[in-house]
Amino acid sequence: MPKKVLFINQEITPYVPESELSIMGRDLPQKVQESSFEIRTFTPKWGTINERRGQLHEVIRLSGMNLIIDDTDHPLIIKVASIPQSRLQIYFIDNDDYFMKRQMDVDETGEEYPDNGERAIFFARGVLETVKKLRWSPDVIVCQGWMGAVVPLYIKKAYNDEPCFANTKVITSLFQKHLKNDLGDNFKKCVGFRGADSKLLSSYNETFNFIELGKLALDYSDGVVVASEAVNTELLDYARQHGLPILEYPGEDYIQAYTDFINKVSE
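Note that the coordinates shown come from a computational prediction; the quantities given were computed from them, not determined experimentally.

Chemist: Sorry, what's going on with a negative patch on the surface here?
Modeler: Residues Glu20, Glu229, Glu252 and Asp253 make up a contiguous surface patch of negative charge. For Glu20, a relative accessible area of 40% puts it in the partly exposed group.

Chemist: Explanation requested: the side chain of Asp115 in the structure shown.
Modeler: Topologically, Asp115 is positioned in the loop between strand 7 (88–94) and helix 3 (116–134). For Asp115, the side chain forms a polar contact with the side chain of Arg102, separated by 2.6 Å. When sequence neighbours within four positions are dropped, the list of residues in contact with Asp115 reads Tyr98 and Arg102.

Chemist: Sorry if this is basic, but what is going on with the pattern of salt bridges here?
Modeler: Once the charged atoms of two side chains with opposite charge are near each other, the side chains can pair. Following the criterion strictly, the structure yields 15 salt bridges and no others. For Glu234, the salt bridge identified is with Lys215, shortest N-O distance 3.6 Å. Of this pair, Glu234 sits in helix 7 (residues 233–241) while Lys215 is found in helix 6 (residues 210–219), placing the two residues 19 residues apart along the sequence. Given a relative accessible area of 40%, Glu234 falls into the partly exposed group. Look at Lys215 and you get buried, because its relative accessible area is 18%. For Glu248, the salt bridge identified is with Arg240, shortest N-O distance 2.9 Å. The partly exposed category is assigned to Glu248, whose relative accessible area is 40%.

Chemist: Looking at this structure, how should I read the packing of helix 1 (residues 20–34) against helix 8 (residues 255–266)?
Modeler: For any two helices packed against each other, one specifies the crossing angle of their axes together with the interaxial distance. At a closest axis distance of 10 Å, the pairing of helix 1 and helix 8 adopts a crossing angle of 70°. When the axis of helix 1 is compared with that of helix 8, the two are roughly perpendicular. Like other packed secondary-structure pairs, helix 1 and helix 8 cross with a definite hand, here right-handed. Residues Met24, Leu28, Lys31 and Val32 of helix 1 lie in contact with helix 8, whose contacting residues are Ile255, Tyr258 and Ile262. Across the contact of helix 1 with helix 8, the residue classes break down as 6 nonpolar, no polar and 1 charged.

Chemist: What is the right way to read helix 8 from this model?
Modeler: One full turn of an α-helix is made of 3.6 residues, so residues set three or four places apart face in the same direction. Along its 12 residues, helix 8 runs 16 Å from first to last C-alpha, staying within 8% of the 16 Å computed at 1.5 Å per residue. Along helix 8, the residues classified as buried are Tyr258, Thr259, Phe261, Ile262, Val265 and Ser266. Along the axis of helix 8, the buried residues cluster in a sector spanning 165°; they form a single face. Exposed and oriented more than 90 degrees from the buried face of helix 8 are Gln256 and Lys264.

Chemist: Which parts of the structure should I look at to understand the nonpolar core?
Modeler: In globular proteins that are soluble, nonpolar side chains generally tend to be buried together. Formed by 97 residues in total, the largest nonpolar core has its most connected members in Tyr15, Ile93, Tyr154 and Phe187. Of all the elements, helix 3 adds the most residues to this core, at 9 residues. Not counting residues within four places of it along the chain, the set of residues in contact with Phe187 comprises Gly117, Ile121, Val150, Leu201, Phe208, Leu213 and Leu216.

Chemist: Help me understand the sheet that holds strand 11 (residues 246–247) in this model?
Modeler: Think of a sheet as strands paired side by side through backbone hydrogen bonds, with each pair either parallel or antiparallel. Strand order in the open sheet formed by 9 strands is 3-6-7-2-1-8-9-10-11, with mixed pairing between adjacent strands. Both edges of this open sheet fall to strand 3 (57–58) and strand 11, since each of them pairs with a single strand only. Pairing analysis gives 2 bridges linking strand 3 to strand 6 (residues 77–83), with the strands arranged antiparallel. In the strand pairing of strand 6, Glu58 is matched with Lys79. Of the strands in this sheet, strand 1 (4–9), strand 2 (38–44), strand 6, strand 7 and strand 8 (140–144) touch helix 3, which is tilted by about 145° from strand 2.

Chemist: What is the right way to look at the packing of aromatic side chains in this model?
Modeler: For any pair of aromatic rings, the description rests on two quantities: the centre-to-centre distance and the angle between the ring planes. The tally for this structure, following the rule as stated, stands at 11 aromatic pairs. On the basis of an interplanar angle of 85° and a centroid distance of 5.0 Å, the ring pair of Tyr15 and Phe92 is categorised as edge-to-face. Placement of Tyr15 in the loop between strand 1 and helix 1 and of Phe92 in strand 7 is noted, with a sequence separation of 77 residues between them. The burial state of Tyr15 is the same as that of Phe92; both residues are buried. Considering the side-chain rings of Tyr98 and Phe122, the 5.4 Å spacing of their centres and the 50° angle between planes classify their relative orientation as tilted. Of the two residues, Tyr98 is situated in the loop between strand 7 and helix 3 and Phe122 in helix 3; the sequence distance between them amounts to 24 residues. Of the residues examined, Phe122 reaches a relative accessible area of 0% and is grouped as buried. One aromatic cluster is present, formed by Trp46, Tyr98, Phe99 and Phe122 through successive ring pairs. The side chain of Arg125 reaches across the aromatic face of Phe193, ending 3.8 Å from its centre. Over the aromatic face of Tyr159 sits the side chain of Arg194, whose NZ or CZ is 4.8 Å from the ring centroid.

Criteria and cut-off values
Counting restarts for each chain: residues are numbered from 1 in the order of the written sequence. For this predicted model, a pLDDT threshold of at least 70 governs which residues receive local features, and a threshold of 80 or more governs which side-chain atom pairs are given and counted, while totals over whole chains, interfaces and linings are taken from all residues. Only hydrogens and water are removed before side-chain values are computed, so all heavy atoms of the structure are retained for them. In this scheme, patches are assembled from residues that exceed 30% relative accessible area and form no salt bridge. Like charges are connected within 9 Å, while nonpolar side chains (Val, Leu, Ile, Met, Phe, Trp, Tyr) are connected within 5 Å. Residue burial considers only the protein chains on display, and all accessible areas are found by Shrake-Rupley using a 1.4 Å probe. When a carboxyl oxygen of Asp or Glu lies within 4 Å of a side-chain nitrogen of Lys or Arg, that pair is called a salt bridge. The sign given to each residue is positive for Lys and Arg and negative for Asp and Glu; His and the chain ends receive no count. Lys charges are placed at NZ, Arg charges at CZ, Asp charges at CG and Glu charges at CD. Accessibility here uses a 1.4 Å probe with only protein chains present; expressed as a share of the type maximum, an area under 20% marks a residue as buried, one over 50% as exposed, and anything in between as partly exposed. Going along the chain from the N terminus, every DSSP run of H or I of four or more residues is numbered as a helix, and every run of E of two or more is numbered as a strand. For the purposes of these results, a polar contact is taken to be a pair of N or O atoms within 3.5 Å, where, inside protein, one atom must be able to donate a hydrogen and its partner to accept one; residues adjacent in sequence count only when each atom of the pair is a side-chain atom. Residue contacts are defined here by distance: any two heavy atoms, one from each residue, within 4.5 Å place the two residues in contact. The axes are straight lines fitted to the C-alpha atoms, using for helices just the contacting stretch, and the angles between their N-to-C directions are given from 0 to 180°. Angle categories: roughly parallel below 35 degrees, roughly antiparallel above 145, roughly perpendicular from 65 to 115, and oblique for all the rest. Each helix crossing is assigned a hand: it is left-handed if the near helix lies turned anticlockwise from the far helix by less than a right angle, otherwise right-handed if that turn is clockwise. Classification convention: Asp, Glu, Lys, Arg as charged; Ala, Val, Leu, Ile, Met, Phe, Trp, Tyr, Cys, Pro as nonpolar; all other residues, Gly among them, as polar. For a helix, the expected span equals 1.5 Å multiplied by the number of residues minus one. Directions are taken from the helix axis to each C-beta atom, and the arc is the one they span. Among the buried residues, those of types Ala, Val, Leu, Ile, Met, Phe, Trp, Tyr and Cys that are joined through side-chain atoms within 4.5 Å form a nonpolar core. Should DSSP find at least two bridges between two strands, the strands are taken to pair. We call Phe, Tyr and Trp rings a pair once their centres come within 6.5 Å, taking the six-membered ring for Trp, and we label the pair stacked below 30 degrees between planes, edge-to-face above 60, and tilted otherwise. Geometrically, a lysine NZ or arginine CZ counts as sitting over a ring once it is within 6 Å of the ring centre and also within 35 degrees of the ring normal.

Dropping the structure here:
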């Protein structure tokens, strides 16, 4: 049986402009799929994504659930598209409040959205609820970008009793791109869900910034990938101090290193 790998990507080209993160978001799942793994790939449906050009369409049977964040209902909308020439199918997480008519991490003036933390929470829960509906059990989840940073916590504490996630391992990829501002004072309250009680976050700083978010991801991960030549040294040192298996930066010819690491972490 081929191993099942779930990719949770912050950015994927050609739906968003090319960057280190968006190119890896497209290329890594495709190359892993070509290496005989079974994959699923998710990304936010950023408001800048042209649905007609990208040929996105809503999947009615997967949409319609409401996710409650900070005591407010937020409808979950699932869309899907395929990247031409790659046979790579992409699932998009959408919502009127968090994604529609809004850009990625920053607005039109270049300022980061103050609710980026809530957006990451909605995205993480939206992905995991959709995977449940697909009745698909990933052996490994690879999180690429800060938008997926809450996923490790949820896998280990909120969805650990779900049969499809009972044996799932999580890999966090560290990139150079980072958030400049904090995620607001209510992030700890908003992230609480099921067994992922906000009390679990008592040891972190009250105001969550990129470093705290990264530490949260690493604390509940089973492996770490240094996905950029230059990543945040504080987070990399943190991973080393905690004895996490680390795939050091593998360079441009990375697929064998990644597949070996995925196999190692999933054992």
